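# Descriptive structure summary
What follows is the residue order along each chain.
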Amino acid sequence: MLEKSYRPQEIEEKQYRLWEESGAFAAGKRHNATPYTIVIPPPNVTGSLHMGHALNNTLQDVLIRYERMRGRDALWQPGMDHAGIATQMVVERQLDAEGASRHDLGREAFIDRVWAWKAESGGTIANQLRRLGASCDWERERFTMDEGLSRAVLEVFVTLYKQGLIYKDKRLVNWDPKLHTAISDLEVEQREIQGHLWHIRYPIEGEEGRAIVVATTRPETMLGDTAVAVHPDDDRYRDLIGRYAVLPLVGRLLRIVADGHADPEQGSGAVKITPAHDFNDFEVGRRHDLELVNVLDEDAVINHAAPEAYRGLDRYDARDKVVADLEARGLVEKVEEHTHVVPYGDRSGVVIEPWLTDQWYVDAATLAKPAIEAVRSGRTVFVPRHWERTYFEWMENIQPWCVSRQLWWGHQIPAWYGPDGEIFVERTEEEARSAAEAHYGKSVELTRDEDVLDTWFSSALWPFSTLGWPDETPELERHYPTDVLVTGFDIIFFWVARMMMMGLHFMDEVPFHTVYIHALVRDEKGQKMSKSKGNIMDPLAVADGPGADALRFTLAAMAAQGRDVKLSRSRIEGYRNFATKLWNAARFCEMNECRDVNGFDPTTCRLTVNKWIVGEVGRLSRRVAEEIEAYRFNEAAGAAYRGTWGTFCDWYLELIKSELQNGTAEAKAETRVVAGWALDRILQLLHPFMPFVTEELWQQTGKREAMLIESAWPELSEDLVDLSADAEMDWVIRLISEVRAVRAEMNVPAKAQIGLWLNGAGEENLRRLKDHAEAIIRLARLEGILEGGREVPTGAVQIVLDDATIVLPLSEIIDIARERERLSRELDKARGEIAKLDMKLSNRGFLAKAPEHVVEEQHERKRDAESAELRLAAALARL
């Protein structure tokens, strides 16, 4: 017997344990089935579950549970990323608290310490995903630093190097002067700050008294200037192109070059070019073959390449001294307050330097070509499709990919250097020594490159390395390419594009057929969740409150394509109530002995109400399936919600109460079976979204051959729809709904019972009224149904329903004149609100300044006011 109340905490942990112990998540049991594969975006080993993870993994679990129920050999491949810089920082902080550093331990001992930390504390997020209900095949869990994946990384690096697609080069990177490593763009946080813009006069060589003015936010980098650029069409400087300016404080001659990078509309139209300290300037330098003068060391301290007066100064101290020296020479034309964006390391919190250094690079432009073509030809499709434009924009303008990091934790680059700097890239040190001996003609001492690979390098191999590559495993043959990748838009370039490149290059096939891009999870006002705003919602706290099912259903129901999820606690509580509604419906069925029977054929129903619900459940199963397969998760969840709460609970279960209490033995028997059959199909349809409560109800309400997670998705024929029964029950429901609407709009007291009759009704509708009289009287709270054809009394409400007019005499229950006056006032108020909102929403100034969530709130208010206007106008028309 089901408990009276639904308590998610009591069932969720139990059900997950049962699933895992039974092997329900395991792929490979259905040898003859078509495979279906998703690889999880590997969370960082240091990570903790946030709402973005919750959304991402809920959608993946919806897909994998749905396809598993459809009979596919479903594999959801789990795993974690070693998160090089994040993990190294965690362990270094531990050492710092102990008064030690990684250098005190040495590389090998430090790496052992990191592995020890992982064994003890890493992977918390995997258990948090279990709490959410993620049905991954945990027995296959992989880690980007495990032995198999490390071998895959080694094989890819060596192969690409020997193919000329990996090389070493001196280029600018995002350099973190605190962590002493290059970092990716994704690890750079752009912050808007209030600074200054210094306008500096650079004298023109050989023309005393003439200078060209350049503006900069970083005067200290002028020590590394090697040119001044002007636009080729800027008449002000046409005569200076090809001549030289003199670099103040240094004396170096700077060639004045014509380049489109200079914008005549910005400042003086002339820009200083510092190729070793600015990404745009680096490209200008390459176009004009300029010298690269690096004036900063790895600590962002001025080095020996600058004049002696500045050497050894921190970059900001150097800035102060440069400005002071320029002012002393009268070379600062003006200084302006200036708001600009500055890059910070998201982990170190210090300003990042574009720094010239030797690093390892992948020839991404070459690898990108087949990856671009694969999307253009439709071999891989993005959903929503507009993200393909973003993909193409990035891929067609791709730069060399810097894959080396100055860390200890990660895949150490398999490169060794000979005495003269010759590079030997091999799979093992032994192979490198053999290559060196062949090169030099003798045995020489080799030094291994100390750098490790960018974490994204190993992640790029994820779809095939997790399946056993470079070995030709049965899993690789069966599950590659995978079916769909579910991820966020922010890593289309960093991860999706790179998986496409590597998959096509090493597997000669795209890694997935579909890339579903979900939006961000924001707070209910549409603002990004952050600690500083205090609006972060912890998914685990929600799971421990309203329950994991309520959170999952909320996220799915709000996951409209291309629209951010605006999450509110009230919405989650609302879906907690939905789970309770389902629980109570199951209790009703249990108490009334409603259960499915093996061999039941739903086409044999005789009662109209049962024919109708069978058809409705059939429609619902097809609708939910279609929406899931189209990645319209919100539509699928919405249809399941309406079909369960509205159609099944609020209408069908209410309509059959009279049959269950007063029907014939034959009618009771049929209704009990149909109600049980419909409940079981609804549990199956809801299972991908709300796995815990549906599994609990499935197990508690009948003798089952298998757990719900392993049951078959209800593939219901369109033949189950009985159009005659549909029309009849639709008419009954509309009649009851119209009466209920009048009661609500006219403030008819809940306990007041009113009469009803139909005027002008044909024989068919009179029969419907008679056949369903008991249910209509009970659900519309009527005193009774009177014979039709009567004269309409004063103060009666009339409602047109198809060929008939519903008449409700209300004059003795409510004051009609007062109600008309009240409705008129409310209608005028609604129309006034609409006019006011129309004016605001047509105000360009408001639209330009107001935050997006405020504008959306105004649109929502307008929609509500327009809905109220229609409702009130209809109510007045009835009087």
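### Some points on the packing of helix α23 (residues 665-686) against helix α24 (residues 691-700)
For the pair α23 and α24, interaxial distance at closest approach is 9 Å and the crossing angle is 150 degrees. One finds that α23 runs roughly antiparallel with respect to α24. Judged by the sense of rotation from one axis to the other, the crossing of α23 with α24 is left-handed. Counted together, Asp680, Leu683, Gln684 and Leu686 of α23 and Thr694, Leu697 and Trp698 of α24 form the full contact between these two elements. Here the residues of the contact of α23 with α24 sort into four nonpolar, two polar and one charged.

### Brief notes about the sheet that holds strand β13 (residues 332-345)
Pairing is antiparallel across the open sheet formed by three strands, whose spatial order is β8-β7-β13. The open sheet has two edge strands, β8 (211-216) and β13, and neither has a second partner. Neighbour-to-neighbour, the strand axes of this sheet turn through a mean angle of 20 degrees, independent of strand direction. Of the strand pairs in this sheet, strand β7 (residues 188-203) and β8 are connected by six bridges, and their pairing is antiparallel. Bridge pairing in β8 places Arg201 opposite Val213.

### Section: the nonpolar core
Core analysis: the biggest nonpolar cluster contains 217 residues, and Phe457 and Phe648 have the highest contact counts within it. The element that contributes the greatest number of residues to this core is helix α16 (residues 492-507), accounting for twelve residues. Dropping the residues within four chain positions of it, Phe648 is found in contact with Ala585, Cys589, Ile613, Gly643, Leu653, Ala675, Ala678, Leu679 and Ile682.

### Digging into the pattern of salt bridges
Scanning the model with the defined rule gives 73 salt bridges in all. A salt bridge links Arg218 to Glu220, with the shortest nitrogen-to-oxygen separation between them at 3.1 Å. Of the two residues examined, Arg218 and Glu220, each falls in the buried class. Glu616 is paired through a salt bridge with Arg619; the nearest N and O atoms lie 2.9 Å apart. Of this pair, Glu616 and Arg619 are both found in helix α20 (residues 608-629), three residues apart, which corresponds to roughly one turn of the helix.

### Quick notes on the sheet that holds strand β22 (residues 482-488)
One open sheet accounts for three strands, arranged β15-β23-β22; its pairing is parallel. Each edge of the open sheet is held by one strand with a lone partner, namely β15 (381-383) and β22. This sheet shows a mean twist of 20 degrees between the axes of neighbouring strands, independent of strand direction. On the sheet, helix α2 (residues 51-69) packs against β22 and β23 (512-518) and is oriented at approximately 160 degrees with respect to β22.

### Observations regarding unusual backbone geometry
Of all residues except glycine, most have a negative phi; of all peptide bonds, most are trans. Cis geometry is adopted by the peptide bond preceding Pro384, which originates at Val383 and carries an omega value of -5 degrees. On the secondary structure map, Pro384 appears in the loop between β15 and α11 (387-396). Trp469 connects to Pro470 through a cis peptide bond whose omega is 15 degrees. Positionally, Pro470 belongs in the loop between α14 (462-465) and α15 (474-479). Although it is not a glycine, Tyr631 sits at a positive phi angle of roughly 60 degrees. Tracing the backbone through its elements, the reader meets Tyr631 in the loop between α20 and α21 (633-655).

### Let's talk about the environment of Ala86
By secondary structure assignment, the location of Ala86 is in helix α3 (residues 84-97). For Ala86, a relative accessible area of 6% gives the class buried.

### Quick notes on helix α26 (residues 763-771)
Residues of α26 that are buried include every one of Asn765, Arg768 and Leu769, and no others. The buried residues of α26 occupy an angular sector of 100 degrees when projected down its axis, which confines them to one face. Of the exposed residues in α26, those oriented more than 90 degrees away from the buried face are Glu763 and Lys770. Summarising the contacts, the buried residues of α26 are in contact with α25 (723-745), β26 (754-759), α27 (773-780) and β27 (782-785).

Rules of the game
Residues numbered from 1 in each chain as written. Predicted model: local features only at pLDDT ≥ 70, side-chain atom pairs only at ≥ 80, totals over all residues. Heavy atoms only, no water. Axes fitted to C-alpha atoms, helices over the stretch in contact; angles between N-to-C directions. Helix = DSSP H or I, 4+ residues; strand = E, 2+ residues; numbered from the N terminus. Parallel < 35°, antiparallel > 145°, perpendicular 65-115°, else oblique. Left-handed = near helix turned anticlockwise from the far one by under 90°. Contact = heavy atoms within 4.5 Å. Nonpolar A, V, L, I, M, F, W, Y, C, P; charged D, E, K, R; others polar. Pairing = 2+ DSSP bridges. Core = buried A, V, L, I, M, F, W, Y, C linked by side-chain atoms within 4.5 Å. Buried < 20%, exposed > 50% of the residue type's maximum accessible area, 1.4 Å probe, protein only. Salt bridge = Lys/Arg side-chain N within 4 Å of Asp/Glu carboxyl O. Arc of directions from axis to C-beta.

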